[in-house]
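Geometric and topological summary
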Amino acid sequence: MKNHAAFGLGLEDLDAVIVEDSKPMQTIIRSILLSFKVARVRVFDSVDEALQSMLAEPPNVILTDWRMAPTSGYQLLRLIRHRHMEPLCYVPILFVTAHGTHALVDKALRAGAHHLLVKPLAPSTLHNRLRWLVNDDRPLVLENSGFYNILGINEALDQQAEKLETLENARVYHEQAIRRLAAVQGTVDKEFNKVGAEDHSEADAAPDPEPVSKKKKVVLASSPRSSRRQGFAAVRNN
């Protein structure tokens, strides 16, 4: 096991290589790196040109595009991670690409990349990633395949994939539960409206109740106290 070539260095000590087939993007990345006062920046249009220079003078970090022709950034990563490419096999690679899909990130990290940045590239983002990189103490280990990779990266990605699958299953179950609830609620609403309509029909068919005022008059007329008052009045008149 061995640490990558940029571990423990300051940004001002970095020897950086840019492999990018777009001239405007070359200029942008180079200007950002120089603003960090890195020790050296080398820029190449193709992987073949970069390899010739890096074999003679290995850098501390490589920033490369993913999609290039005839040799891609991914192929560059696989080339330098082989054990026969020492000391280049210890150089960390940061991809700078416009295609930051989950599948691409997973593929790059499993192949030995340290990070992937998405275009357009902000200076603060690159600065933070480089600061993180020089403090990243994860060692590179030689796998049975003959390629170096970051210790524990595959296990970490497998755990993350399992969590994502669990979350996706939970989301699907939640959506199914909502659909089932909506179906049940629709049935309940239909039954409720049906019962309400039947009650309303029965109420319309029932006879009107006797007015309350008439009930009060009957009660007053038949009240014992009222009868006694009428009797007293008759005695006085006699």
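None of these values were measured; they are calculated from a predicted model.

We now examine the environment of E49. In this structure, E49 sits in helix α2 (residues 47-56). E49 sits in the partly exposed class, given a relative accessible area of 41%. Counting along the chain gives 30 residues from E49 to V19, while the straight-line C-alpha distance between them is 8.9 Å.

Moving on to the packing of α2 against helix α3 (residues 73-80). Contact geometry of α2 with α3 gives a least axis separation of 11 Å together with a crossing angle of 30°. The angle between α2 and α3 falls in the class roughly parallel. In terms of crossing hand, the pair formed by α2 and α3 is right-handed. Judged by residue contacts, V47, L51 and M54 of α2 engage L76, L79 and I80 from α3. Looking at the contact of α2 with α3 residue by residue, the class counts come to six nonpolar, no polar and no charged.

Under the definition given, this model contains nine salt bridges. As a salt-bridge pair, D45 and K23 come within 3.1 Å of each other at their nearest N and O atoms. On the criterion of sequence distance, the pair formed by D45 in the loop between β2 (40-44) and α2 and K23 in helix α1 (residues 23-35) is long-range, its members being 22 residues apart. Given a relative accessible area of 32%, D45 falls into the partly exposed group. The partner of D65 in a salt bridge is K119, with the nearest N and O atoms 3.7 Å apart. With D65 in the loop between β3 (61-64) and α3 and K119 in the loop between β5 (115-118) and α5 (123-134), this residue pair connects regions lying 54 residues apart in the sequence. Overall, K119 belongs to the partly exposed group, its relative accessible area being 22%. Within the structure, one salt-bridge network assembled from shared partners comprises D15, R40, R42 and E57.

So, how was this worked out
- Residues numbered from 1 in each chain as written.
- Predicted model: local features only at pLDDT ≥ 70, side-chain atom pairs only at ≥ 80, totals over all residues.
- Heavy atoms only, no water.
- Helix = DSSP H or I, 4+ residues; strand = E, 2+ residues; numbered from the N terminus.
- Buried < 20%, exposed > 50% of the residue type's maximum accessible area, 1.4 Å probe, protein only.
- Axes fitted to C-alpha atoms, helices over the stretch in contact; angles between N-to-C directions.
- Parallel < 35°, antiparallel > 145°, perpendicular 65-115°, else oblique.
- Left-handed = near helix turned anticlockwise from the far one by under 90°.
- Contact = heavy atoms within 4.5 Å.
- Nonpolar A, V, L, I, M, F, W, Y, C, P; charged D, E, K, R; others polar.
- Salt bridge = Lys/Arg side-chain N within 4 Å of Asp/Glu carboxyl O.

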